[in-house]
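# Structural description and commentary
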Amino acid sequence: MATEGIEAVFLETHNWGRSAKFFQALGFELQFSTDHNSGQLRNGDGPYVFIAEVPEDRKPQTQIVLKVADAETFRPDPAVEVVTPFEDTHYGTTEMTVRDPDGRLWSLQAPTGNRP
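In this text the structure is predicted, and so the values were computed from the model without any measurement.

Procedures and definitions
Residues numbered from 1 in each chain as written. Predicted model: local features only at pLDDT ≥ 70, side-chain atom pairs only at ≥ 80, totals over all residues. Heavy atoms only, no water. Helix = DSSP H or I, 4+ residues; strand = E, 2+ residues; numbered from the N terminus. Buried < 20%, exposed > 50% of the residue type's maximum accessible area, 1.4 Å probe, protein only. Contact = heavy atoms within 4.5 Å. Areas by Shrake-Rupley, 256 points an atom, 1.4 Å probe, with all protein chains shown as cover. Lys, Arg positive; Asp, Glu negative; His and termini not counted. Charge placed at Lys NZ, Arg CZ, Asp CG, Glu CD. Arc of directions from axis to C-beta. Polar contact = N/O pair within 3.5 Å; in protein donor to acceptor, adjacent residues only side chain to side chain. Salt bridge = Lys/Arg side-chain N within 4 Å of Asp/Glu carboxyl O. Pairing = 2+ DSSP bridges. Axes fitted to C-alpha atoms, helices over the stretch in contact; angles between N-to-C directions. Core = buried A, V, L, I, M, F, W, Y, C linked by side-chain atoms within 4.5 Å.

Along its length, the chain carries one helix and eight strands. In the chain, the order of α-helices and β-strands from amino to carboxyl end is β-α-β-β-β-β-β-β-β. Viewed in the frame of its principal axes, the chain has a C-alpha envelope of about 40 × 30 × 25 Å. The 116 residues of the chain split such that 30% are buried. If you take every contact in the chain between residues at least 6 apart in sequence, the share linking residues at least 24 apart comes to 51%. Approximately 7,300 Å² of the chain is accessible, and the part contributed by carbon and sulfur atoms is 52%. Considering the chain, the positive charge centre built from 10 side chains and the negative charge centre built from 18 side chains are found 4 Å apart.

Of the residues making up helix H1 (residues 16-25), those classed as buried are Trp16, Ser19, Ala20 and Phe23. All buried residues of H1 project into a common sector of 100° when viewed along the axis, lining one side. Residues Arg18, Lys21 and Ala25 are exposed on H1 and point more than 90 degrees away from its buried face. The secondary structure elements touched by the buried residues of H1 are strand E1 (6-13), strand E2 (29-33), strand E3 (38-42) and strand E4 (48-53). A distance of 3.2 Å separates the backbone nitrogen of Gly17 from a side-chain oxygen at the start of H1, and that oxygen is part of Asn15. Trailing H1 by a residue or two, Gly27 shows a phi angle of about 100°, which is positive.

Another aspect to go through is the pattern of salt bridges. The full count for this structure, using the stated rule, is four salt bridges. Linking Glu12 and Arg58 is a salt bridge whose minimum nitrogen-to-oxygen distance equals 2.3 Å. Placement of Glu12 in strand E1 and of Arg58 in the loop between E4 and strand E5 (62-67) is noted, with a sequence separation of 46 residues between them. Residue class for Arg58 comes out partly exposed when judged on its relative accessible area of 41%.

Looking now at the sheet that holds E4. Taken in spatial order, the eight strands make up an open sheet running E2-E3-E4-E1-E5-E8-E7-E6, and their pairing is mixed. The open sheet is flanked by E2 and strand E6 (81-88), the only strands paired with a single partner. The sheet shows a mean angle of 25° between the axes of neighbouring strands, taken without regard to direction. Bridge count between E1 and E5: five bridges; the pairing is antiparallel. Looking at the pairing, Ala8 lines up with Val65 of E5.

Let us look at the nonpolar core. One finds Leu66, Val68, Ala71, Phe74, Phe86, Met96, Val98, Leu108 and Ala110 forming the largest nonpolar core, which totals nine residues. Those elements giving two or more residues to this core turn out to be strand E7 (93-99) and strand E8 (105-111).

Set out below in structure tokens:
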């Protein structure tokens, strides 16, 4: 089974409000915000953008998240190095981390509804 394209882009920022306004100025709509300086925006049917504020002493990172329909039936090709198997998250998904040949980490995300 293969991935189904890009699910999301996770962005870290030093200023949640300024970053959210930037994406809203580009046509993204705020879907929700949290009480800890983070939130989700979307533009049409494309991938969502989740922005989280991090402390000033931490360099903001970006991560692209690939979509998986069903974590239970997904079997990566042996050429794919699995760093962490699927694990449930506190925000209602299950995620796996894999490493590409150049050492970059990628998240694969599936809904938790199809896990036992």
